[in-house]
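A look at the structure
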Amino acid sequence: MISIKNVSKWYGEFQVLTDCTTEVTKGEVVVVCGPSGSGKSTLIKCVNALEPFQKGDIVVDGTSIADPKTDLPKLRSRVGMVFQHFELFPHLSITENLTIAQMKVLGRSKEEATDKGLKLLDRVGLKAHAHKYPGQLSGGQQQRVAIARALAMDPIVMLFDEPTSALDPEMVNEVLDVMVQLAQEGMTMMCVTHEMGFARKVANRVIFMDRGQIVEDCHKEEFFGNVDARSDRAKQFLAKILQH
Amino acid sequence: MDYNWDWGVFFKSTGIGQEIYLDWFVSGLGWTIAVALIGWLIALFLGSVLGVLRTVPNRWLSGLATAYVELFRNVPLLVQLFIWYFLIPDLLPEPIEMWFKQDLNPATSAYLSVVVCLGLFTAARVCEQVRTGIQALPKGQAAAAYALGFKLPQIYSQILLPQAFRIIIPPLTSEFLNIFKNSSVASLIGLMELLAQTKQTAEFTANLFEAFTLATIIYFTLNMSLMLLMRWVEKKVAVPGLISVGGK
């Protein structure tokens, strides 16, 4: 589904990604973790070409991102993305947030888009808030709407960029619950997150990044179960975040 | 100060037909509004386009818009007006030059010059406000729109501009009032707008104080009304939970 091949990226002189290679197959849930500044958000943003990269290629469902002939808007419309700061459109109601891209990008009718949007809103447990504006919802609620907005496009894969990092602790679970449910339904997911509980529960694989490189890329059982076999950097990281 | 105020002066005959001096003020106000409103339409449209261009990911387009802003905002308004009125017509092809200088009614040619001048001058200022409005939005807004598959023109029209314009209504209101006040420069190229009529009344009647007091009241009332109108617009387009209105 997603094939990342030898991707390198520089900001001027500074190299943020170094020769990153990995695969995400259909139905797989991959968690990307690592210290801040390790390039994990940058890597996931390369997958839907929100960030350009200078070397290598990423192929999403047979479409090459590096190919200049690729219709990027079209590709992006098939890849759902959830952001750390939700990024709902604050001037539009919740319903409009859920329908605008369906109508303007996919060309669906208003009825069809609204029907689909409200169904998904119901699924994330927020049907009663359809008429409200993003500013009137809590962070956790906004993030659930953002997930519904991405799902409304019928994505072939969902990318999550630290979806719970900007949330109050008590709102983290309501978002994770939605993500767990999605994973269990077989959605292909690539999640940058520090929620190791989530990783343990639903991830198939865990990728650990440090200084722009993929240091670990292994199955969940291997990653959490056989800590001794991990690299020193991953051990340090795990020791810190699993301490509590 | 020993001055005999005579407010009745505005109702005295000007000696031209049935006209009283108040009619001059009404006519002057009409020209002031005609100059400012049409100039504003030009400024708002062109300024918005330029403001967008300053933020697009294309060095040539944003450079072009930047050059425009620097040119129009660093030359005094009055100098620009004289250039538009006295110099530009001479640079145009001869038929157009002749049309502008001879066929057109002098009031119309002055009107055209001042409308273009004020429109282009104010566009530079509107441009900067539109640009800052767009740049004030979180970067993630454009990213989210890209991620949903929107194309750049849609991102501006659907996502960025509706938010940016809401943010910049207060500074845009100042600019809107400025164009009404700046329209008074038209009196220097002979357009009989409010200030020119005020000066003329003062000269004809020697009631300098009354004439300028009335002009002050008219400008003040006009601008206060416009400000209240904009305040109303701001409330009208306010989004719950987005930005506070009028300092509330």
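Right above here is the structure, for reference.
Bear in mind that the values here come from a model prediction, so they are computed numbers and not experimental data.

Reading guide: rules and limits
Residues numbered from 1 in each chain as written. Chains lettered and ligands numbered in written order. Predicted model: local features only at pLDDT ≥ 70, side-chain atom pairs only at ≥ 80, totals over all residues. Heavy atoms only, no water. Disulfide = S-S within 2.5 Å. Buried < 20%, exposed > 50% of the residue type's maximum accessible area, 1.4 Å probe, protein only. Helix = DSSP H or I, 4+ residues; strand = E, 2+ residues; numbered from the N terminus. Pairing = 2+ DSSP bridges. 1 Å grid on protein atoms, 1.4 Å probe; cavity = no way out; pocket = protein on both sides within 12 Å on 5 of 7 lines; lining within 4 Å. Points joined across faces, edges and corners; volume = space filled by probe spheres on them. Nonpolar A, V, L, I, M, F, W, Y, C, P; charged D, E, K, R; others polar. Core = buried A, V, L, I, M, F, W, Y, C linked by side-chain atoms within 4.5 Å. Contact = heavy atoms within 4.5 Å.

1. Digging into the state of the cysteines
As enumerated under the stated definition, the model contains 0 disulfides over all chains in all. Free of any disulfide, Cys191(A) has its nearest cysteine sulfur in Cys33(A), 11 Å distant.

2. Section: the pairing of strand E3 (residues 29-33) of chain A
All names here are of chain A. Of all the 5 residues making up E3, 5 are buried; the element is thus mostly covered by neighbouring parts of the structure. Residues of E3 alternate between two faces, with Val29, Val31 and Cys33 on one and Val30 and Val32 on the opposite face, all of them buried. Summarising the sheet, E3 and strand E8 (residues 189-192) pair through 4 bridges and their orientation is parallel. Across the sheet, valine 31 pairs through a bridge with cysteine 191, a residue of E8. Two strands pair when backbone bridges link them, and E3 and strand E9 (residues 205-210) are joined in this way by 4 bridges, in the parallel orientation. What sits directly across from valine 30, in E9, is arginine 205.

3. Points about empty space enclosed by the protein
Any space left empty among the atoms is revealed by the rolling of a water-sized probe across them. By the definition in use, this model includes 1 cavity of 30 Å³ or more. If you trace the largest cavity, you find 14 residues lining it, with Gly80(A), Met81(A), Ala150(A), Ala147(B) and Leu148(B) closest to the centre. Contributing elements (two or more residues each) for the lining of the largest cavity: helix H2 (72-77), strand E6 (79-82) and helix H5 (139-151) of chain A together with helix H6 (139-147) of chain B. Its residues assigned to classes, the lining of the largest cavity shows 10 nonpolar, 2 polar and 2 charged.

4. Side note on the nonpolar core
Grouped together as the largest cluster of nonpolar side chains are 80 residues, with contacts concentrated most on Ile2(A), Ile58(A), Leu159(A), Met190(A) and Val114(B). Per element, the largest residue contribution to this core is 10 residues, and it comes from helix H5 (residues 106-135) of chain B. If we ignore the near neighbours within four places in the chain, the residues touching Met190(A) are Ile2(A), Ile4(A), Val24(A), Val30(A), Val32(A), Leu43(A), Ile44(A), Val47(A), Met158(A), Leu159(A) and Phe160(A). Counting residues in hydrophobic clusters, the runner-up holds 49 residues, among them Leu126(A), Leu151(A), Leu176(A) and Phe224(A).

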